[in-house]
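What the coordinates show
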Amino acid sequence: MDILNALVAFLNFMFIPAVSYGAQLALGALGVTLIYSILRFSNFAHGDTMAFGTMVTILLTWWLQAQGIGFGPLPTALLALPVGIAATAALVLVTDRTVYRFYRRQKASPTIVVIVSLGVMFVMNGIVRFIIGVDNQTFTDGARFVIEPRSFMEATGLSEPLALRTTVVVTVVTAVIAMGALFWFLQKTRTGKSMRAYSDNEDLALLSGINPDRVVAITWIIAAALATTAGVLYGLDKSFMPFTYFQLLLPIFAAAIVGGLGSPIGAIAGGFIIAFSEVLVTNAWKKIVTYLVPESMAPEGLLQLLSTEYKFAVSFTILIIVLLFRPTGVFKGKSL
Amino acid sequence: MTGKTALLFGAVACLYLGTGFLQSWGLALTILNSALLVTIAALGVNIQWGYAGLFSVGTMGFTALGGLAVVLISARPNTENWQAGGLGIFLALVLGALAAIAALFAWRLMSKGLARTAVVAGLLVGGFFLFRAVFDPNVMAVEAVNPQNAGNVGGLGLPSLIAWPVGGLLAAAVAWAIGKTALGLRSDYLAIATLGIAEIIVAVIKNEDWLARGVKNITELPRPWPVPYEVDLQADPGFVETATRWGMDPRTASITLVDLLYLLLFGTVLLIVIWASERALHSPWGRMMRAIRDNEVSAAAMGKDVTGRHLQVFILGSAVIGFAGAMLTSMDGQLTPGTYNPLAFTFLVWVMVIVGGSGNNLGTVLGGLLIGWLWLVVENVGPNIMQVLTAPMPDGWLRDHLLGSAQHMRLLTMGVILLLVLRFSPRGLIPEK
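Residues numbered from 1 in each chain as written. Chains lettered and ligands numbered in written order. Predicted model: local features only at pLDDT ≥ 70, side-chain atom pairs only at ≥ 80, totals over all residues. Heavy atoms only, no water.

1. Here we look at the overall build of chain A
- Counting its regular elements, chain A contains 14 helices and 2 strands.
- If one aligns the C-alpha atoms of chain A with their principal axes, the spans along those axes are about 70 × 55 × 40 Å.
- Roughly 13,700 Å² of accessible area belongs to chain A as shown, and the carbon and sulfur atoms make up 66% of that amount.
- Side chains of chain A carry 22 positive and 17 negative charges; the gap between the two charge centres is 14 Å. (Helix = DSSP H or I, 4+ residues; strand = E, 2+ residues; numbered from the N terminus. Areas by Shrake-Rupley, 256 points an atom, 1.4 Å probe, with all protein chains shown as cover. Lys, Arg positive; Asp, Glu negative; His and termini not counted. Charge placed at Lys NZ, Arg CZ, Asp CG, Glu CD.)

Structure below.
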């Protein structure tokens, strides 16, 4: 029986990875949910928007690294992030102007717009692969650890190491700042309020003199900022590969739906629900249980409920459960 | 068939003939065969989208299920592996299914409350652990036998032609489960649920080595009747004599004959599918489907069971896709789960349907043949075009990069084509009447 070591193992292998993954999913799901509530369609191109923003950031990071410019202990990519956001915002605004606006004016059915977003996805995917290729790219630099495993073991005398990587701290801090800024913007500023009004009732909002083009443009810019931030944080934490970003679409959508499409709070909660379930179900519990039970009862297997390859099955199962029992999501979204 | 339709089909025929004249007839035939297969899948999507307005993006998953059916039905039996634990695995799957069914009944029969939640959760969790307890040791046992060449439960050794309808049935069963949950809600939910199930099906086939050897691939799947093997033909003196009399090299002749027989086989299936769906489309059932698609509310007001009909048409379309997937695996002679990729297997099929004309089978065939040709030819021609385009540039990293990335141009091309068609000709090249 060794509760402290078990706790450290839990923190190290389950809690910390789930928190940082959850923050990345939450940022992604916020973008999806915003576009859904203002533009009223599920954006299938969101994963590839993330990939595009991340790609721009990576390219700039490499350039900065080549110039010898760094950000001290923090990853250089954070310096490049604003440019990545600006480039992505420009891209989605051009896309909106050339592609989506036509269907908005036509009041096309949401399904048609979803198919249009598939086309946009193809194009963005093609651009990203064309520029940076399909391979894995790493661009993390700066200090590797905030808490180093070895010094943690020496300092505490525990046999279980605890690693807190810089990228995890950066992820959580950046995500908190981004979410805080978003909620402040939506609740306190005039533009944010007009966005909420537009989302609640388009006709009334138009009647009270809200400029729809402005609302839509600002939504795209925010979505681009959220997508790029989510993508860069994910890439820093793990690595960048265009196809992985496309595959993130499923957990991100699952997060947005679980929370309730159209509800920002729901998107954040959904991101963490999905991330925690995924990590708890696909990681091995052997180490933790071994610390907790008497030696004679120590488990032989890995005590892993599902292998890591099935992580999508977790988001999918949660999605199905929500669709069956509460299609509007945990925090009542506006969809059914 | 109107003049415009004939003209469009003529133009597509010219594309294939051009490939034959300029490159090689073998290539043209191979492209045509692949395009025909994807066209059959596209007809399945057209049934779902064109007839009923259902937006499903699970084509890749249903295609892979068809492929799995070919392995289970027509791969050679691995008796030793099966004896090691095949029955145990089967028993585990049955137990898992029983637990799920019991949970479902408990949910239906018990009244709402904490007790019901506890019973259902207990049945599901208990069922899962029971399943794993029976499943894991048997999987280990099966995978331990002859892992270099087998390590899976093997197939039944039956002809491929039997595997195809089984592929359709397998896809239909999964479609039923998905449709039951996701239909009747917002239309996007079906899209997201099918996107997910497709990823999961491919993940299962990749990782469950006992089933179809996972990424180690199953090879040497039998060819469908009546397609012979090239080596057998070349060893057949009668065939060699005939080929020489026609002035053909026996090797080329055997390859061409095999391709032509595949063409015949796929063409027959394609015609049957078109005939059946045209009949369905012009029956009262077809009119009802279109009425539902065009206005769900008024169709429901007329007493039509919208969700029920959607489920029906979703299952039908998925079965056609599963059938096409089985044919694809039979033609390849192997199941390679690593090659299933949503861009090529799902979204490409969608581009075909939209470009051709959703709701119109002829349009879908046209779109399938056109886009199929484009997809496969751009793969070959794209780098050459880039070579010409970059010729004036100095040698350097930029030119190398452009040459290396040329293959990704086809994604971009497909996206641009899809957007242009949706914008300027939203009903496709051959619109629905």
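2. Observations regarding the overall build of chain B
- Check the secondary structure of chain B and you find 18 helices and 0 strands.
- Radius of gyration (C-alpha) of chain B: 24 Å, near the 22 Å computed for a compact globule of 433 residues.
- With the C-alpha coordinates of chain B rotated into their principal frame, the extents come out at 75 × 60 × 55 Å.
- Taken across its 433 residues, chain B has 49% of its residues classed as buried.
- Residue pairs at least 24 apart in sequence account for 80% of intrachain contacts in chain B once pairs closer than 6 positions are excluded. (Rg over C-alpha atoms; globule rule 2.2 N^0.38 Å. Buried < 20%, exposed > 50% of the residue type's maximum accessible area, 1.4 Å probe, protein only. Contact = heavy atoms within 4.5 Å.)

3. Remarks on the packing of aromatic side chains
- Taken as a whole, this structure holds 24 aromatic pairs over all chains when the rule is applied.
- Through a chain of ring-to-ring contacts, the aromatic side chains of F44(A), F253(A), W49(B), F55(B) and W350(B) assemble into a single cluster.
- Directly above the ring of F312(A) sits K311(A), whose terminal nitrogen or CZ lies 5.9 Å from the centroid.
- Over the ring of W375(B) we find R410(B), and its NZ or CZ is 4.0 Å from the ring centre. (Phe/Tyr/Trp six-rings, centres within 6.5 Å; stacked < 30°, edge-to-face > 60°. Lys NZ or Arg CZ within 6 Å of the ring centre and 35° of its normal.)

4. Things to note about the side chain of T228(A)
- Secondary-structure assignment places T228(A) in helix α9 (residues 212-237).
- Classification of T228(A) as buried rests on a relative accessible area of 0%.

5. Here we look at the packing of helix α2 (residues 25-52) of chain B against helix α11 (residues 250-281) of chain B
All names here are of chain B.
- Where α2 contacts α11, the two axes come as close as 9 Å, and the packing angle between them is 15°. By the criterion of interaxial angle, the relationship of α2 to α11 is roughly parallel. Relative to α11, α2 is oriented so that their crossing is left-handed.
- For the contact of α2 with α11, the class distribution of residues is 17 nonpolar, 7 polar and 2 charged. (Axes fitted to C-alpha atoms, helices over the stretch in contact; angles between N-to-C directions. Parallel < 35°, antiparallel > 145°, perpendicular 65-115°, else oblique. Left-handed = near helix turned anticlockwise from the far one by under 90°. Nonpolar A, V, L, I, M, F, W, Y, C, P; charged D, E, K, R; others polar.)

6. Here we look at the nonpolar core
- Ranked by internal contacts, the top residues of the largest apolar core, which has 213 residues, are F44(A), M195(A), F240(A), V57(B), F266(B) and F347(B).
- Residue contributions to this core peak at 14 residues, all from α9(A).
- Residues contacting M195(A), with those up to four places away along its chain left out, are L34(A), I38(A), F185(A), L186(A), V215(A), I218(A), T219(A) and I222(A). (Core = buried A, V, L, I, M, F, W, Y, C linked by side-chain atoms within 4.5 Å.)

7. Description of the interface of chain B and chain A
- Tallying the contact residues gives 49 residues for chain B and 50 residues for chain A.
- The tally of links between chain B and chain A comes to 0 salt bridges.
- There are 9 residue pairs in polar contact (both at pLDDT 80 or more) connecting chain B and chain A.
- Elements with a contribution of two residues or more to the side of chain B that touches chain A: α5 (114-144), α6 (160-182), α7 (187-207), α15 (342-356), α17 (397-405) and α18 (409-424) of chain B. (Salt bridge = Lys/Arg side-chain N within 4 Å of Asp/Glu carboxyl O. Polar contact = N/O pair within 3.5 Å; in protein donor to acceptor, adjacent residues only side chain to side chain.)

8. Thoughts on the side chain of T174(A)
Residue and element names in this part refer to chain A.
- Tracing the chain through its elements places T174 in helix α6 (residues 166-188).
- The class for T174 is buried, based on a relative accessible area of 16%.
- Once residues lying within four places of it in the same chain are set aside, the contact partners of T174 are T229 and L233.

9. So, α15(B)
Residue and element names in this part refer to chain B.
- Between its terminal C-alpha atoms α15 stretches 20 Å, which fits the 21 Å expected from 15 residues at 1.5 Å a residue.
- Residue L348 marks the point of greatest curvature in α15, where the axis turns by about 30°.
- A large share of α15 lies buried, amounting to 14 of its 15 residues.
- Put simply, N341 is the residue that caps the front of α15, since its side-chain oxygen is 2.7 Å from the backbone nitrogen of L343.
- Where α15 ends, the next residue or the one after it, G357, has phi of about 130°, a positive value. (Expected span 1.5 Å × (residues − 1). Bend = angle between axes of the 7 residues up to and from the residue.)

10. Describing unusual backbone geometry
All names here are of chain B.
- Here the amide bond leading from W225 into P226 is cis, since omega sits at 0°, within 30 degrees of zero.
- Of note, the phi angle at N146 is positive, near 50°, even though the residue is not glycine.
- Within the element layout of this structure, N146 appears in the loop between α5 and α6.
- The phi dihedral of E220 falls on the positive side, at around 55°, and the residue is not glycine.
- Of note, E220 is situated in the loop between α8 (209-212) and α9 (230-235).

11. Here's the deal with the environment of A319(B)
Residues and elements named next belong to chain B.
- Following the sequence through the fold, A319 ends up in helix α14 (residues 306-332).
- Each C-alpha atom, one on A319 and one on G66, is 8.8 Å from the other, the two residues being 253 residues apart in sequence.
- Ignoring any residue separated from it by four or fewer positions in sequence, one finds A319 in contact with G168, A171 and A172.

12. Some remarks on the pattern of salt bridges
- Under the definition given, this model contains 11 salt bridges over all chains.
- The salt bridge partner of D237(A) is K238(A), with a shortest N-O separation of 3.8 Å.
- Overall, the relative accessible area of 38% leaves K238(A) in the partly exposed class.
- The closest approach of N and O atoms between D294(B) and R293(B), which form a salt bridge, is 3.0 Å.

13. Section: a positive patch on the surface
All names here are of chain A.
- A cluster of basic residues, K188, R190, K193, R196 and R214, forms a positive patch at the surface.
- Ranked by the residues each element gives to the positive patch, the list is headed by helix α7 (residues 190-200), at 3 residues.
- Looking at the secondary structure, you find K193 in helix α7. (Patch = residues over 30% accessible without salt bridge, like charges linked within 9 Å, V, L, I, M, F, W, Y side chains within 5 Å.)

14. Details of a nonpolar patch on the surface
- A cluster of nonpolar residues, W82(B), L87(B), F90(B), V94(B), L98(B), I101(B), F105(B) and L109(B), forms a patch on the protein surface that exposes about 850 Å² of accessible area.
- By the secondary structure assignment, F105(B) is in helix α4 (residues 79-109).

15. Regarding helix α12 (residues 284-294) of chain B
- What α12(B) keeps buried is the set G286(B), M288(B), M289(B), R290(B) and I292(B).
- Each element contacted by the buried residues of α12(B) is listed here: α2, α11, α13 (296-301) and α14 of chain B.

16. Examining the packing of helix α1 (residues 3-39) of chain A against α7(A)
Residues and elements named next belong to chain A.
- Running from N to C, α1 and α7 cross one another at 65°; their axes reach a closest spacing of 7 Å. Across from L34, S37 and I38 in α1, the residues of α7 making contact are M195, Y198 and S199.
- Residues that form the contact of α1 with α7 fall into these classes: 4 nonpolar, 2 polar and no charged.

17. Some points on the environment of T57(A)
Residues and elements named next belong to chain A.
- The topology assignment puts T57 in helix α2 (residues 46-67).
- The buried category is assigned to T57, whose relative accessible area is 0%.
- Apart from the residues lying within four places of it in its own chain, the contact partners of T57 are A77, A80, L81, G84, T228 and V232.

18. A word on the confidence of the model for chain B
- Averaged over every residue, the pLDDT of chain B is 88; the share at 70 or more is 100%.
- Per the prediction output, this complex has pTM 0.90; the corresponding ipTM is 0.88. (pLDDT = per-residue confidence, 0-100.)

19. Points about the environment of W225(B)
Residue and element names in this part refer to chain B.
- Positionally, W225 belongs in the loop between α8 and α9.
- Taking C-alpha positions, W225 is 7.0 Å from L161, a pair spaced 64 residues apart along the chain.
- In this structure, W225 is in contact with L161 and L265, ignoring residues within four places of it in sequence.

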